[in-house]
2 protein chains.
Amino acid sequence: MDQVALFKALANKTRLQILTWLKSPEEHFPDYEPACGSADVGVCVGYIQRKSGLTQSTISEYLSTLHRVGLVSATRVGQWTYYKRNEETIATLGNLIDTL
Amino acid sequence: MDQVALFKALANKTRLQILTWLKSPEEHFPDYEPACGSADVGVCVGYIQRKSGLTQSTISEYLSTLHRVGLVSATRVGQWTYYKRNEETIATLGNLIDTL
DNA sequence: AAGATATATCGACTTTTTCCGATATTCCAA
DNA sequence: TTGGAATATCGGAAAAAGTCGATATATCTT
């Protein structure tokens, strides 16, 4: 777990927003609904992109940044990639701060 | 408290190191001793600079970055500026992560 | 197989960050 | 009050990050 990379990933307004949006998708994405029956696989790129106001390529890049450092997980289902928070890493990050 | 600025300040190897060095100065700075009698005002710039291996100007700048976001406090005593951790902000940061 | 849709990647450009050397400022001591 | 030591600030070169449009890839539908 690369601390600097983690903090870098968090050092951006939009990426921080994405993380909080993903905390309660029902609230932040109007037409959101858990895909694949009841399994909550996350939110697809398009929803996030439209809410952010940035371009598709930028958001795709940002999500891959968050994924690279483990802050979100990615699940490909058909033509969609669903991203959701990785609570484990986020919790670890909390501990990391304590040991700072 | 600007979250992005905080994470930016932490998104650098040297600045992170400084923060951990300041956690136990006795351990990290050979000739360290609390100044002003018993009051522990922190570590002066020169010590940190020499330990870091970077230039004086860079470290001065880094310390001011950490100070600007409240991660350290600065105390000028004569020609020295002593920096020490601001545990309050660091604790707040921990909570911030929880609400991420 | 072809077109449409969702996402990823590439190349380019701009802005920010990193880190330096040089210079300025502040304070102490002789 | 002048010189030296500690720190701060300024200006700049190089590297990294932000952001875009264009294009590639993967998948679904027909």
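Residues numbered from 1 in each chain as written. Chains lettered and ligands numbered in written order. Predicted model: local features only at pLDDT ≥ 70, side-chain atom pairs only at ≥ 80, totals over all residues. Heavy atoms only, no water.

### Thoughts on the packing of helix H2 (residues 13-21) of chain B against helix H4 (residues 45-52) of chain B
The packing of two helices is summarised by the inter-axis angle and the distance between the axes. Residues and elements named next belong to chain B. Quick reminder of the rule: For helices, the fitted axis covers only the stretch in contact; all axes are lines through C-alpha atoms, and the angles between them, taken along N-to-C directions, range from 0 to 180 degrees. Secondary structure elements are taken from DSSP: a helix is a run of H or I of four residues or more, a strand is a run of E of two residues or more, and numbering for both begins at the N terminus. Note that the term roughly parallel is reserved for angles under 35 degrees, roughly antiparallel for angles over 145, roughly perpendicular for angles of 65 to 115, and oblique for everything else. Note: crossing handedness is left-handed where the near helix turns anticlockwise from the far helix by less than a right angle, and right-handed where it turns clockwise. Contact between two residues is taken to exist if any of their heavy atoms lie within 4.5 Å; hydrogens are not considered. As a working rule, the residues Ala, Val, Leu, Ile, Met, Phe, Trp, Tyr, Cys and Pro are called nonpolar, Asp, Glu, Lys and Arg charged, and the rest polar, with Gly in that last group.
Between H2 and H4, whose axes approach to 11 Å, the crossing angle comes to 125 degrees. Judged by the angle between their axes, H2 and H4 are oblique. By crossing handedness, the relation of H2 to H4 is classed as right-handed. Along its contact with H2, which presents Thr 14, Ile 18 and Trp 21, the element H4 presents Ile 48, Lys 51 and Ser 52. Of the residues belonging to the contact of H2 with H4, the class tally is 3 nonpolar, 2 polar and 1 charged.

### Looking at the confidence of the model for chain A
Do not read the predicted coordinates in detail wherever pLDDT is low. For the record, the criterion: Per residue, pLDDT captures the predictor's confidence, and it can take any value from 0 to 100.
Of the residues in chain A, 94% reach a pLDDT of 70 or more, and the chain-wide mean stands at 92. Here helix H6 (residues 87-98) of chain A stands out as the element of chain A with the lowest mean pLDDT, 90, in contrast to helix H5 (residues 56-68) of chain A, whose mean of 98 is the highest.

### Digging into the protein's contact with DNA strand D
Put simply, the rule reads: Whether a residue is near a molecule or strand is decided by its heavy atoms; if any one of them lies within 4 Å of it, the residue is near. Each polar contact in these results corresponds to two N or O atoms within 3.5 Å; when the atoms are within protein, one needs to be able to donate a hydrogen and the other to accept it, and residues that are neighboring in sequence are counted only if both atoms are side-chain atoms.
Of all residues adjacent to DNA strand D, which total 20 residues, the nearest are Thr 58 and Tyr 62 of chain A together with Gly 46, Gln 56 and Ser 57 of chain B. If you look at DNA strand D and keep only atoms within 4 Å of the protein, 65% of those are sugar or phosphate atoms. In the model, a phosphate oxygen of DNA strand D is placed 3.0 Å from a nitrogen or oxygen of the Ser 60 of chain B side chain. In this structure, a sugar or linking oxygen belonging to DNA strand D sits 3.1 Å away from a side-chain N or O atom of Thr 81 of chain B. For the surface near DNA strand D, the secondary-structure elements that each account for two or more residues are H5 of chain A together with H4, helix H5 (56-68) and strand E3 (80-85) of chain B. The class makeup of the residues in the surface near DNA strand D is 6 nonpolar, 12 polar and 2 charged.

### Topic: the packing of H4 of chain B against H5 of chain B
Residue and element names in this part refer to chain B. Look at H4 against H5: their axes get within 9 Å of each other, and the N-to-C directions meet at 115 degrees. Judged by the sense of rotation from one axis to the other, the crossing of H4 with H5 is right-handed. In this structure, H4 uses Val 45, Ile 48, Gln 49 and Ser 52 to contact H5, whose residues at the interface are Gln 56, Ile 59 and Leu 63. Counted by class, the contact of H4 with H5 contains 4 nonpolar, 3 polar and no charged residues.

### So, the relation of the copies chain A and chain B
Operational definition: All copies are superposed by least squares; the fitting set is the C-alpha atoms of residues with a pLDDT of at least 70 in both.
Overlaying chain A on chain B yields an RMSD of 0.0 Å, the required transformation being a rotation through 180 degrees with an accompanying axial translation of 0.0 Å. The superposition of one copy onto the other is thereby described by a two-fold rotation axis.

### Comments concerning the protein's contact with DNA strand C
The environment of DNA strand C is formed by 21 residues, the closest being Gly 46, Ser 57 and Gln 79 of chain A together with Lys 8 and Tyr 62 of chain B. Restricting the count to atoms of DNA strand C within 4 Å of the protein gives a sugar and phosphate share of 63%. One of the side-chain N or O atoms of Arg 15 of chain B is found 3.3 Å from a phosphate oxygen in DNA strand C. Between Tyr 62 of chain B and DNA strand C, the recorded distance is 2.2 Å, taken from a side-chain N or O atom to a phosphate oxygen.

### Focus on the sheet that holds strand E1 (residues 43-44) of chain B
All names here are of chain B. The test is simple: Strands are labelled as partners when DSSP assigns at least two bridges between them.
Reading across from one edge, E1-E3-E2 is the order of the 3 strands in this open sheet, with antiparallel pairing throughout. In this open sheet, the two edge strands, each paired with only one partner strand, are E1 and strand E2 (72-77). In this structure, E1 lies alongside E3, joined through 2 bridges in antiparallel fashion. Looking across to E3, one finds that Val 43 is bridged to Tyr 83.

### Some details on the interface of chain A and chain B
By a frequent convention, interface size equals the accessible area lost on bringing the separate parts together. Rule in force here: A quick way to say it: buried area is the sum, across both parts, of accessible area lost when two parts are put together, with a 1.4 Å probe. Take a side-chain nitrogen of Lys or Arg and a carboxyl oxygen of Asp or Glu: if they are within 4 Å of each other, that pair is a salt bridge.
Taken residue by residue, the interface counts 20 residues in chain A and 20 residues in chain B. Between chain A and chain B lies a buried interface of about 1600 Å² when both sides are counted; carbon and sulfur atoms form 75% of it. Where chain A touches chain B, the interface holds 0 salt bridges. Along the contact surface separating chain A from chain B lie 4 residue pairs in polar contact (both at pLDDT 80 or more). Residue composition of the side of chain A that touches chain B, by class: 10 nonpolar, 5 polar and 5 charged.

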